[in-house]
Amino acid sequence: MLEIRDIRTSYGKIAALKGVSLEIREGGLTCLLGPNGAGKTTLIWTIAGILKAQSGSMRLGDDELAGLKPHQIVEKGVVTVPENRLVFPEMTVTENLVAGAFSRRRQKGDVAEDLDAVLDRFPRLRERASQEAGTLSGGEQQMLAVGRALMARPKILLMDEPSTGLAPIIVEEIFEIIGQLRDEGRTIFLVEQNANLALDYADHFYLLEQGHVTFGGDPATVDHDDLIARAYLGARKAS
Amino acid sequence: MIDLVQNMLDGLAIGSAYGLLALGFTLIFGVMRRLNMAFGSSILVGIFAGAWLHGQWAAGMIPIFAATVAGAVVASAYVERMSFAWIRGDAALASMASSFAIWMQLEELVARAFPQRSYAFPTFEALPMLELGPFFLRPEHAAMFLTAAVLVAALHWLLTRTLFGLRVRTLSDSRDAARVSGVDVGRVAVLTFGLAAAIGGVAGFLIAATDGQISTKLGMWATMKGLIAMVIGGLGSLRGALVGGLVLGVVEAQAQWYLGASGREICTFALLFAALILLPQGLVGRKDTLARAEAVRRI
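None of the values given here were measured: they were computed from a predicted structure. (Residues numbered from 1 in each chain as written. Chains lettered and ligands numbered in written order. Predicted model: local features only at pLDDT ≥ 70, side-chain atom pairs only at ≥ 80, totals over all residues. Heavy atoms only, no water.)

A. Layout of the overall build of chain A. Broken down by element type, chain A carries nine helices and 10 strands. For 239 residues, the compact-globule estimate of 2.2 N^0.38 gives 18 Å, and chain A sits close to it at 18 Å. On the principal axes, the C-alpha backbone points of chain A span a range of 50 × 40 × 30 Å. By the burial criterion, 53% of the 239 residues in chain A qualify as buried. Distance between charge centroids for chain A: 7 Å, based on 27 positive and 34 negative side chains. (Helix = DSSP H or I, 4+ residues; strand = E, 2+ residues; numbered from the N terminus. Rg over C-alpha atoms; globule rule 2.2 N^0.38 Å. Buried < 20%, exposed > 50% of the residue type's maximum accessible area, 1.4 Å probe, protein only. Lys, Arg positive; Asp, Glu negative; His and termini not counted. Charge placed at Lys NZ, Arg CZ, Asp CG, Glu CD.)

B. View of the sheet that holds strand β7 (residues 156-160) of chain A. Residues and elements named next belong to chain A. Across the sheet, six strands lie side by side as β6-β7-β8-β3-β9-β10; this open sheet has mixed pairing. Every other strand in the sheet has two partners, leaving β6 (78-81) and β10 (212-217) as the edge strands with one partner each. Neighbour-to-neighbour, the strand axes of the sheet open up by a mean angle of 20°, direction not taken into account. The pairing of strand β9 (residues 204-209) with β10 spans five bridges and is antiparallel. Counterpart to Leu-207 in the pairing with β10 is Phe-215. With respect to the sheet, helix α6 (residues 138-150) is in contact with β6 and β7, its orientation differing from that of β6 by roughly 170°. (Pairing = 2+ DSSP bridges. Axes fitted to C-alpha atoms, helices over the stretch in contact; angles between N-to-C directions. Contact = heavy atoms within 4.5 Å.)

C. Highlighting the sheet that holds strand β4 (residues 55-60) of chain A. Residues and elements named next belong to chain A. Across the sheet, four strands lie side by side as β2-β1-β4-β5; this open sheet has antiparallel pairing. Each edge of the open sheet is held by one strand with a lone partner, namely β2 (14-24) and β5 (63-64). Sheet analysis places β4 next to β5, joined by two bridges and oriented antiparallel. Each bridged residue has a counterpart across the sheet, and for Leu-60 the counterpart in β5 is Asp-63.

D. Up close: helix α6 (residues 163-173) of chain B. In terms of burial, α6(B) is a largely internal element, nine of the 11 residues being buried. Buried within α6(B) are the following residues: Gly165(B), Leu166(B), Arg167(B), Val168(B), Arg169(B), Thr170(B), Leu171(B), Ser172(B) and Asp173(B). For α6(B), the elements touching its buried residues are α3 (93-100) of chain A together with α1 (2-32), α5 (139-161), α7 (175-180) and α8 (185-211) of chain B.

E. A look at the pairing of β9(A). Residues and elements named next belong to chain A. For β9, the tally of buried residues reaches six of six residues, placing the bulk of the element in the interior. The alternating pattern of β9 places His-204, Tyr-206 and Leu-208 and Phe-205, Leu-207 and Glu-209 on opposite faces, both of which are buried. For strand β3 (residues 29-33) and β9, the ladder comprises four bridges, and the chain directions are parallel. Across the sheet, Leu-33 pairs through a bridge with Leu-207, a residue of β9. What sits between the antiparallel neighbours β9 and β10 is a turn of two residues, in which Gln-210 has the positive phi angle 45°.

Worth remembering: the numbers are spatial, not functional.
Written out as structure tokens, the structure reads:
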């Protein structure tokens, strides 16, 4: 669905992505694993248009995303759930969600309908609908960030480290939500440190190391422990 | 006692104009996280556009008002391009230094075009003095106060009840979150800049119409008053900007009466100093101290 070809992104002179190619497949969960500093978040921000790629292409169907501005990419249906939630702390839960529908402009009634659907999906958010987002717990903020992205009616959800800074029991809850979204047939691209958990949900995975995709495949066909050792401990065992 | 209250009235009136100046600064700062040092000089351009119209064709108050606001907006659009749009968002210091340069440039342009020391600006003289018991309210002061109140109410409505306002608030709350939510950051920033300039233009018009004469010093004056009021009230808070303006106005009016012009200047800066030491968050600081800390770090 989204084909990324030879993307290069750098911070000044320091190259972070040195030619990344991968494909996010329609109706499944594609997971990107890799150690800290491998360039995972850089890739998300590059797809989202917030960082500019020096070269390479990102094709969504017939549309080229490289070179578009962030809001244009959201309009194309590629919507990010950023790392550390990044909700609007001084705005209410409802306002946060309405902000998610900015890219749609039209159809006022539809926005209200979607808002209702998101609040149905996350009853905890409904209880806190008029509360400022900054007062929510970490898990609730993560739900809000997911809900805000859903308000844009995304074709692809990019999720950057949804487990960061959350208690293990909340992480389980967030992954159940992700699993639910996958089961609804949504296309999800998940970047995650918690490889064990991510591999349980992924249909496909890639391994990013020092700005290169070094490995990829179907989680069912590889030994998870082996893969995790390779991803995070630098072990070069063949799998 | 009567003096004290009378000064208070005068102070609140001029303070509401300071509040408008501070609102302009705050809007730009809130959305851009950058200081626009050329704000006062954009207003200066507007005021002289109004004065020129007055001198050339003896135009009425309404066209002069329109010319003042339009001049401020046009000059601000120039500042926005030169010092903000073409300078990267994370280079806040570069924007500030560049806007300082544009300030000098605009001021020099106005000084070249209008070489006399001062020019006449039309006043509301036809209106009668308002009497409130033993107190007097100058009609232009009443106009200042009313205009400020109406503008603040309108701004509040705009920011809390419209989609545009919601966009502005997302931008001032978290820039990156706004981008991933599909906000066209550049467009909203330009519109906010224009809005701030228009508010500044209104404030400039009211101040010029109260004084009846203007000089090229007004730009610097407006920048100083707006900045001081903003810092007293609390960086990045719209309510704070207004409160800071009113407090500054009242303190100045009292000091002017009891201590004279030089005493007034001393009091102004003493107030700024005290605010920075005792209330670094301002009178109406933002609740979210983290966002503020970040904002301050980025200056």
